[in-house]
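# A look at the structure
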Amino acid sequence: MGDSHISNRAGQRTRRWSRRGVLAVLGAVPAVALTGCSVATADASETEKTTHGAAKKPVVSVTPADGTKKADFTSPVEVIVADGTLASVKVTGNDGSTLAGSYNDARTRWTSAKNPYSGTKYTVVAEPEGAAAQSATFTTKAPGETFVGYFTPEADSTSGVGMPVSINFTQAVSDRAAVEKAITVTAEPAVEVVGHWFSDTRLDFRPQTYWAAGTTITLGLRLKDVEGADGVYGVQSKDVTFRIGREQITTVDLATKRMTVARDGATLAAYPVSGGDADHTTWSGIMVISERFKETRMESSTVGLGDEYDIADVPHAQRLTTSGTFIHGNYWASASVFGSENTSHGCIGLHDAKGADDTSVDGYKFYESSMLGDVVVVKNSGEDTVDPANGLGGWNLSWDQWRAGSAL
């Protein structure tokens, strides 16, 4: 009985708690359902993230495209990443050069600051944020036609204060601004240096006044792949340095037929000379010594004077103009001519000796005191001022005239 009673009560309790349990369960259904929805939503989100987010890896594309053999070198290199951002980009040429560049604000695009060089193989290594680096290679094509600039003075040389930096191009330049912009001339001590185009193949640089004695000049040529004319590209990328020595200014007065040499502002020497006669007057103006020969041959046919002379061993000759004006020694004229008559075909002559070895004569002394780039000023010659393009005579132009010849 006892057992039956406990059992019966237990059964009653079971039935009573069952009703409450049902109510409790029914009342809990919404909570369980929300909880179930919440879990289901989280699982779907993770699935979606796996499908649409984490599964996507950053993809890098490069222009020029990977593997290109004859890529254009007239446009910058561009790196773009999809589904990510760029942590770093490095572009290296097989010549050891590198291309610097910049990112857009979102760091999804990198563009080189300069164009790649022609005829160069490049390796691009781009590393997206949080992902492995990706690489590409391309090779730029070689230019069709090219040009170079031959410059004066020579690298590591020392010249007089009148020496301009003169560049002669092997091809005519039509885009003067692009070429001039690619050339720099700097001086120490610093001074403003400006370019002047004498023609489409010649560009000179000079300061407003003669260089200061002791100046160091650096010529920077960044002409490689600069398009000087349609389809014609430069090939040079180099720096050269030269120096200015002491100041020597020589003044030739053909009225008095005397030449005075001033060194660093003080008179060094004075010599009697003979200039061009009435039919062959000497150019007047500022000229610069551009070539020097201990001995050289001079033929009248080379300067349009037929067969008037042909002297095989003119001593101590120093060129002043492209057209053939020299200041040189003269052994074939009487010593009495110098200082008293102008008898030459346009050159300036000093008494000298055959063989160019006599150290006692004026021709030898002046030659030994001179250097390339020294200034020679001729006055009272009865002739017009020399064309500034005839030799290194750009000093005959005013500063305003000189600056007007720049393309920049």
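Residues numbered from 1 in each chain as written. Predicted model: local features only at pLDDT ≥ 70, side-chain atom pairs only at ≥ 80, totals over all residues. Heavy atoms only, no water.

## Thoughts on the overall build of the protein
Within the protein one finds four helices and 28 strands. Counting across all 408 residues of the protein, residues that qualify as buried make up 39%. Across the protein, the fraction of contacts at a sequence separation of at least 24, relative to all contacts at a separation of at least 6, is 62%. (Helix = DSSP H or I, 4+ residues; strand = E, 2+ residues; numbered from the N terminus. Buried < 20%, exposed > 50% of the residue type's maximum accessible area, 1.4 Å probe, protein only. Contact = heavy atoms within 4.5 Å.)

## Some thoughts on the sheet that holds strand β19 (residues 237-244)
Strand order in the open sheet formed by four strands is β11-β19-β16-β13, and the pairing between neighbours is mixed. Strand pairing shows two members of the sheet lacking a second neighbour, β11 (158-159) and β13 (183-188), which therefore form its edges. The pairing of β11 with β19 spans two bridges and is parallel. Within β19, the residue paired with S159 across the bridge is I244. (Pairing = 2+ DSSP bridges.)

## A few points about the packing of aromatic side chains
Applying the stated criterion across every chain yields a total of eight aromatic pairs. Plain terms: the ring middles of F198 and W402 are 5.8 Å apart, the flat faces sit at 70° to each other, and that makes the pair edge-to-face. One end of the pair, F198, is in strand β14 (residues 194-199); the other, W402, is in helix α4 (residues 399-404), with 204 residues separating them in the sequence. By relative accessible area, W402 is classed as buried at 0%. When the ring centre of Y103 is taken as origin, the NZ or CZ atom of R107, which lies over that ring, is 3.8 Å away. Over the ring of Y367 we find R292, and its NZ or CZ is 4.0 Å from the ring centre. (Phe/Tyr/Trp six-rings, centres within 6.5 Å; stacked < 30°, edge-to-face > 60°. Lys NZ or Arg CZ within 6 Å of the ring centre and 35° of its normal.)

## Some words on the pattern of salt bridges
Counted under the stated rule, the structure contains 10 salt bridges. The partner of D239 in a salt bridge is R222, and the shortest N-O contact between them spans 3.0 Å. In this pair, D239 is assigned in strand β19 and R222 in strand β16 (residues 216-222), connecting sequence segments 17 residues apart. The exposure class of R222 is partly exposed, given its relative accessible area of 39%. Ionic pairing is found between R297 and D310, a salt bridge with its closest N-O pair at 2.7 Å. Of this pair, R297 sits in strand β24 (residues 291-299) while D310 sits in strand β25 (residues 310-319), and the two are 13 residues apart along the sequence. Since its relative accessible area comes to 43%, D310 is described here as partly exposed. Sharing partners across several salt bridges, the network here consists of R297, E299 and D310. (Salt bridge = Lys/Arg side-chain N within 4 Å of Asp/Glu carboxyl O.)

## A short note on the sheet that holds β25
Either a parallel or an antiparallel arrangement is found when strands of a sheet pair, and the pairing is made through backbone hydrogen bonds. The four strands lie next to each other as β24-β25-β26-β27, forming an open sheet whose pairing is mixed. Both edges of this open sheet fall to β24 and β27 (348-351), since each of them pairs with a single strand only. The mean angle between the axes of side-by-side strands here comes to 40°, regardless of whether they run parallel or antiparallel. Of the strand pairs in this sheet, β25 and strand β26 (residues 326-330) are connected by two bridges, and their pairing is antiparallel. Among the inter-strand pairings, Q318 is bridged to a residue of β26, identified as I327. Lying on the sheet, helix α3 (residues 362-369) is in contact with β24, β25, β26 and β27; it crosses β25 at an angle near 40°. (Axes fitted to C-alpha atoms, helices over the stretch in contact; angles between N-to-C directions.)

## Let's talk about α3
Among the residues of α3, D362, G363, F366, Y367 and S369 are the ones counted as buried. Along the axis of α3, the buried residues cluster in a sector spanning 165°; they form a single face. (Arc of directions from axis to C-beta.)

## Overview of the pairing of strand β20 (residues 248-253)
Successive side chains on a regular strand alternate, one facing one side of the sheet and the next facing the other. Counting buried residues along β20, five of its six residues qualify, which places the element largely inside the surrounding structure. Across six bridges, β20 lies against strand β21 (residues 258-263) in antiparallel orientation. Within β21, the residue paired with V252 across the bridge is M259. Between β20 and β21, which follow one another and run antiparallel, lie four residues, and K257 among them has a positive phi close to 60°.

## Considering the side chain of R202
Within the fold, R202 resides in strand β15 (residues 202-206). There is a polar contact of 2.7 Å between the side chain of R202 and the side chain of D204. The residues contacting R202, other than those within four sequence positions of it, are S166, I167, N168, F169, H196, W197, P388, A389, G391 and L392. (Polar contact = N/O pair within 3.5 Å; in protein donor to acceptor, adjacent residues only side chain to side chain.)

## Observations regarding the environment of G231
The residue G231 is located in the loop between β17 (227-229) and β18 (232-234) in this model. Expressed as a C-alpha distance, the spacing of G231 and P143, which sit 88 residues apart in the sequence, is 7.8 Å.

## Topic: the side chain of H196
As for its placement among the helices and strands, H196 is situated in strand β14. There is a polar contact of 2.8 Å between the side chain of H196 and the backbone oxygen of W402. Excluding residues that lie within four positions of it along the chain, H196 makes contacts with R202, L203, D204, L397, Q401, W402, G405 and S406.

## Focus on the nonpolar core
I167, F169, V179, I183 and L219 are the most contacted members of the largest nonpolar core, which has 34 residues in total. Of all the elements in the fold, those that place two or more residues in this core are β12 (165-169), β13, β15, β16, β19 and β23 (285-288). (Core = buried A, V, L, I, M, F, W, Y, C linked by side-chain atoms within 4.5 Å.)

## Notes on the layout of surface pockets
In this approach a probe as big as a water molecule rolls over the atoms, and the regions it shows empty are the leftover space. Of the pockets and cavities examined, the largest pocket occupies roughly 570 Å³. Considering the residues around the largest pocket, the lining is formed by 21 residues, among which K114, Y117, R222, K224 and V226 are closest to the centre. Split into classes, the residues belonging to the lining of the largest pocket amount to 10 nonpolar, five polar and six charged. Taken together, 22 residues line the second largest pocket, and the ones lying closest to its centre are V303, Y309, S323, G324 and T325. Among the elements that line the lining of the second largest pocket, the one with the most residues is β24, at five residues. For the lining of the second largest pocket, the residue count by class is eight nonpolar, 11 polar and three charged. (1 Å grid on protein atoms, 1.4 Å probe; cavity = no way out; pocket = protein on both sides within 12 Å on 5 of 7 lines; lining within 4 Å. Points joined across faces, edges and corners; volume = space filled by probe spheres on them. Nonpolar A, V, L, I, M, F, W, Y, C, P; charged D, E, K, R; others polar.)

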